[in-house]
Amino acid sequence: MVATLPQRAGAAAPAATRRRRSPWAVLRENVVWVVAVLALVYLLLPNLVVVLFSFNKPNGRFNYTWQRFSFDAWLHPCSAPGMCESLSLSLKIGVAATAASTLLGTMIAFALARYRFRGRTGSNLLIFLPMATPEVVMGSSLLTLFVSTGIPLGRITILIAHIMFCLSYVVVTVKARIAGLDPRLEQAAADLYANEWQTFRRITLPLVAPGIAAGALLAFSLSFDDYIITNFNASNASITFPMYVWGAAARGTPVQINVIGTAMFVLAVLAVALGQLAGRRRSR
């Protein structure tokens, strides 16, 4: 018992020292977590406001001040005139632009990452131009192109414009995924007498699939959210959801806009969560 007393006294000293640490010392040790939480709160605060005001029942036309709690907007999401029509148009254009840009962007990414050809450097530069060009310049340039060629403004011109700027983001995302692949895996498949199509289908495509999915989600979010380029190339009969929201802000913002925003936010969070769960299961 006597031999164990110094050990107990020595063990108690660090515990007492830990209890006497100042708050500044604790803050310095956890400064990364504190900054991360503050940044997350800063990013999510507007979304939380949108969710909160989707349950509001304003007295007037503007949904800017809290009045009373109500489920009316959730029970009647299409009661605002023209909103569901604009939402349907945005979803249709977003899906079509995502499918086209993902297919073309994946093929372009493989060509730029795997092959050496004349003009490859210039092609890489041209891919980045839509990402670096201001949307006002891009929208007005596309409008000039469509008017000079006699293409009537409407859904087709919006779809062409969305495919054009979504294509760059898909190419960059998928190309980064391809660059990170281990070439020894494909070489091992070739050593096991797999032909090019079998290697691509069983080895390359499953490894590149997360990058393709990320590019597709990014393309859909950019297409659904775009206002500036769409406003330049749309007609009076092709009003997308962002254009409807902008126009409604002057007349009076209906609560149903917050309902649609909340639903899209929840769907995006669920998609990210499912992707994380699938990735963890695959790694296990």
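Just so you know, the residues in each chain are numbered from 1, in the order the chain's sequence is written. Side-chain atom pairs in this predicted model are given and counted only at pLDDT of 80 or more, local residue features only at pLDDT of at least 70, and totals for whole chains, interfaces and linings cover all residues. Side-chain measures were taken over the full set of non-hydrogen atoms in the model, leaving aside hydrogen atoms and water.

Colleague: Break down the overall build of the protein chain for me, with residues and values.
Modeller: Per the secondary structure count, the protein chain includes 13 helices and 0 strands. Going from N to C terminus, the protein chain has its helices and strands arranged as α-α-α-α-α-α-α-α-α-α-α-α-α. Computed over its C-alpha atoms, the radius of gyration of the protein chain comes to 27 Å, more than 25% above the 19 Å expected for a compact globule of 284 residues. Here the C-alpha coordinates of the protein chain stretch approximately 100 × 70 × 35 Å along the principal axes. Working definition: with a 1.4 Å probe on protein chains only, accessible area under 20% of the residue-type maximum means buried, over 50% means exposed, and in between means partly exposed. Within the protein chain, the fraction of its 284 residues that count as buried is 29%. Of the roughly 18500 Å² that the protein chain leaves accessible, carbon and sulfur atoms contribute 69%. The protein chain carries 25 positive and 10 negative side-chain charges, and their two centres are separated by 10 Å. Helix numbering and strand numbering both begin at the N terminus, where a helix is a DSSP run of H or I of at least 4 residues and a strand a DSSP run of E of at least 2. Radius of gyration means the value over C-alpha atoms here, while the globule rule gives 2.2 Å times the residue count to the 0.38 power. Here the open area of atoms and residues is found with the Shrake-Rupley method and a 1.4 Å probe, where only the protein chains shown may cover a residue. Counted as positive: Lys and Arg. Counted as negative: Asp and Glu. His and the chain ends are not counted at all. Taken as the charge centre is NZ of Lys, CZ of Arg, CG of Asp or CD of Glu, depending on the residue.

Colleague: A description of unusual backbone geometry should follow, citing residues and the corresponding values.
Modeller: With a phi angle near 70 degrees, Tyr 193 is a residue other than glycine that sits in the positive phi range. Relative to the elements of secondary structure, Tyr 193 occurs in the loop between helix H9 (183-191) and helix H10 (196-225). For Tyr 193, a relative accessible area of 78% translates into the label exposed.

Colleague: Report on the packing of aromatic side chains, specifying residues and quantitative values.
Modeller: Here a pair means two rings of Phe, Tyr or Trp (six-membered ring of Trp) with centres within 6.5 Å. Their orientation is stacked below 30 degrees between planes, edge-to-face above 60, and tilted elsewhere. One pass over the structure, following the stated rule, counts 11 aromatic pairs. Considering the side-chain rings of Phe 69 and Phe 71, the 5.1 Å spacing of their centres and the 90 degrees angle between planes classify their relative orientation as edge-to-face. With relative accessibility at 51%, the residue Phe 69 sits in the exposed group. For Phe 71, a relative accessible area of 46% gives the class partly exposed.

Colleague: Please give an account of the state of the cysteines that cites residues and values.
Modeller: We call a pair of cysteine sulfur atoms a disulfide when they lie within 2.5 Å. Inspection of the entire model under this criterion finds 1 disulfide. Across the disulfide from Cys 78 sits Cys 84; the S-S distance is 1.9 Å. Residues Cys 78 and Cys 84 are joined through a disulfide that is left-handed, its torsion about the S-S bond being -90 degrees.

Colleague: An account of the pattern of salt bridges is needed here, citing residue identities and associated values.
Modeller: Should a side-chain nitrogen of Lys or Arg be within 4 Å of a carboxyl oxygen of Asp or Glu, the pair is scored as a salt bridge. Counted under the stated rule, the structure contains 3 salt bridges. Its salt-bridge partner being Glu 186, residue Arg 114 comes within 3.2 Å of it at the nearest N-O pair. One end of the pair, Arg 114, is in helix H5 (residues 83-114); the other, Glu 186, is in helix H9, with 72 residues separating them in the sequence. Close ionic contact of Arg 184 with Asp 182 constitutes a salt bridge, the shortest N to O distance being 3.0 Å. A relative accessible area of 28% means that Asp 182 is categorised as partly exposed.

Colleague: Give a description of the side chain of Ser 101 that names residues and reports values.
Modeller: With respect to the helices and strands, Ser 101 occurs in helix H5. Nitrogen and oxygen atoms within 3.5 Å of one another constitute a polar contact, given that in protein one can donate a hydrogen and the other can accept it, and given that sequence-neighbouring residues count only through two side-chain atoms. Here Ala 97 takes part through its backbone oxygen, which lies 2.6 Å from a polar atom of the side chain of Ser 101. Contact criterion: two residues are considered in contact whenever any of their non-hydrogen atoms come within 4.5 Å of each other. Every residue in contact with Ser 101, bar those within four places of it in the chain, is listed here: Thr 106, Ile 163, Cys 166, Leu 167, Val 170 and Ala 219.

Colleague: Before we move on, can you summarise the nonpolar core with the specific residues and values?
Modeller: The criterion is simple. A nonpolar core is a set of buried Ala, Val, Leu, Ile, Met, Phe, Trp, Tyr and Cys residues joined through side-chain atoms within 4.5 Å. Counting residues in each nonpolar core, the largest one holds 20 residues, and the members touching the most others are Leu 142, Val 171, Val 174, Ile 178, Val 208 and Ile 229. For this core, the elements supplying multiple residues, two or more each, are H5, helix H7 (135-149), helix H8 (155-179) and H10. Considering each element in turn, this core owes the most residues, 8 residues, to H8. Apart from residues lying up to four places away in sequence, Val 208 is in contact with Phe 110, Val 174, Arg 177, Ile 178 and Leu 181.

Colleague: Run through helix H13 (residues 255-283), naming residues and quoting values.
Modeller: The end-to-end C-alpha separation of H13 is 43 Å, in line with the 42 Å expected for 29 residues at 1.5 Å each. Regarding H13, the residues found buried are Val 255, Gln 256, Ile 257, Asn 258, Val 259, Ile 260 and Thr 262. Elements in contact with the buried residues of H13: helix H3 (31-53), helix H4 (72-75), H5 and helix H12 (241-251). In this scheme, a helix's expected span is set at 1.5 Å multiplied by one less than its residue total.

Colleague: Could you give an account of the packing of helix H6 (residues 120-132) against H8, naming the residues involved and the relevant values?
Modeller: Each pair of packed helices can be summarised by the angle the axes make with each other and by the distance between the axes. Taken N-terminus to C-terminus, the directions of H6 and H8 make an angle of 125 degrees; their axes are 8 Å apart at the nearest point. The angle between H6 and H8 places the two elements in the oblique class. Here the hand of the crossing between H6 and H8 comes out left-handed. Two secondary-structure elements touch here, H6 through Asn 124, Ile 127, Phe 128, Pro 130 and Met 131 and H8 through Met 164, Phe 165, Ser 168, Tyr 169, Val 171, Val 172 and Lys 175. Taken together, the residues of the contact of H6 with H8 break down into 9 nonpolar, 2 polar and 1 charged. For helices, the fitted line uses only the C-alpha atoms of the stretch in contact; every axis is such a line through C-alpha atoms, and the angle between N-to-C directions lies from 0 to 180 degrees. When describing relative orientation, an angle under 35 degrees is termed roughly parallel and one over 145 degrees roughly antiparallel, while 65 to 115 degrees is termed roughly perpendicular and anything else oblique. By convention the crossing between two helices is left-handed if the near helix lies anticlockwise of the far one by an angle smaller than a right angle, and right-handed if it lies clockwise. Polarity classes work like this: nonpolar for Ala, Val, Leu, Ile, Met, Phe, Trp, Tyr, Cys and Pro, charged for Asp, Glu, Lys and Arg, and polar for all others, with Gly in that last group.

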